[in-house]
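The chain contents come next:
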Amino acid sequence: MRYAARVEVRLRPGIADPEGATIERALPALGFDDVREVRAGRSFRFEVDAEDEDGARRRAEELAHRLLANPVIEDSDVEVREAAPAGGSR
Amino acid sequence: MSARIGVVVFPGTNCEHDTVLAFERVGAAASLVWHTDERLDGFDALVLPGGFAHGDYLRPGAIARFSPVMGAVARFAAGGGPVLGICNGFQVLTEAGLLPGALVKNRGLRFVCAPARVRVDSDRSVLTARIEPGTELQIPVNHYSGSYVCDARTLAELRDAGRVVLRYVENPNGSVDDIAGITSPEGNVVGLMPHPERASDALVGSADGLPLLRAMVAAAAAVRAA
């Protein structure tokens, strides 16, 4: 089976996030003075071939921990779902 | 025979020739090693120079860590061999787990490119051996992700064991505890953000990098003699 994975990586609490802070400082000028706690991060999407959803999740988590995130400074969340059939729209 | 220093080149490394010249200047025989080489026989010390290994994609050093040469670098370090990471090389060493902590984007998202005053705070490393702690040096920095971070326990370990080898006199990037360079528990693996190879002649503004390079060459010569 093929599964679609999404990994979100962001700086851990306590690690300065100058990108998020800069975005937050710009918000009042745009009228978003009700927005707080902006954290910048990034998101990765990929597909995994696996026996089942748990297997796909384990592989995606392994990839997140070994490469996509640096656990010294970053946290990651992994989401996995069945991929659309080949040739289908995504 | 001169100490032999291998300067590791990744796709995107750009300080390798300056590094070779600077080490030759202090009496070493330096040569380039491509990142796919898995044998490092015959070298007495290794240097990971500055640049943008693998384009700095994902995070600086994140992809370089998986280059074939890095297994050999790790074995060389585990055997006590002197290993120096300069700037991007420091980032590679932290990503590879050969040094603790990480280097994140500078405070205020500012790229810094300027001479920096740094102070030698420990002589317990191959880069600072026999340099009097407290000695101030002027060495250029040139980086966007040079702000050193680590957890509180790691910081306490580094401080207590004299493993913070260089500190900024005026912190240019937001590094915790003004850290500019650290070393491994045995003192044989060192990473620093400043570029000592760019301070190897008064003609270019400073020759203050030479004592550091000489210490590294002396450590390499000791390996050769052993």
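Above this text is the structure in question.
Cut-offs and rules
Residues numbered from 1 in each chain as written. Chains lettered and ligands numbered in written order. Predicted model: local features only at pLDDT ≥ 70, side-chain atom pairs only at ≥ 80, totals over all residues. Helix = DSSP H or I, 4+ residues; strand = E, 2+ residues; numbered from the N terminus. Buried ≥ 20, exposed ≤ 12 C-beta atoms within 10 Å, placed from the backbone. Pairing = 2+ DSSP bridges.

Novice: Provide a residue-level description of unusual backbone geometry, including the pertinent values.
Specialist: Residue and element names in this part refer to chain B. Backbone geometry places L58, a non-glycine residue, at a positive phi of 75 degrees. You can see L58 is positioned in the loop between β3 (45-48) and α2 (69-78). Take L58: there are 17 C-beta atoms within 10 Å of it, and that puts it in the partly exposed class. A positive phi is found at C87, a non-glycine position, where the angle reads about 55 degrees. In this structure, C87 sits in the loop between β4 (83-86) and α3 (88-95).

Novice: How would you sum up the pairing of strand β10 (residues 179-183) of chain B? Please name residues and give values.
Specialist: Residues and elements named next belong to chain B. Among the five residues of β10, five are classified as buried, and the element is accordingly described as predominantly covered. Both strand β9 (residues 164-168) and β10 contribute to a ladder of three bridges, which runs antiparallel. What sits directly across from R167, in β10, is I179. The pairing of β10 with strand β11 (residues 189-192) spans three bridges and is classified as antiparallel. Looking at the pairing, T183 lines up with V190 of β11. As consecutive antiparallel partners, β10 and β11 are separated by five residues, and within that stretch G187 has a phi angle of approximately 80 degrees, a positive value.

Function cannot be inferred from these measures alone, as they are strictly geometric.
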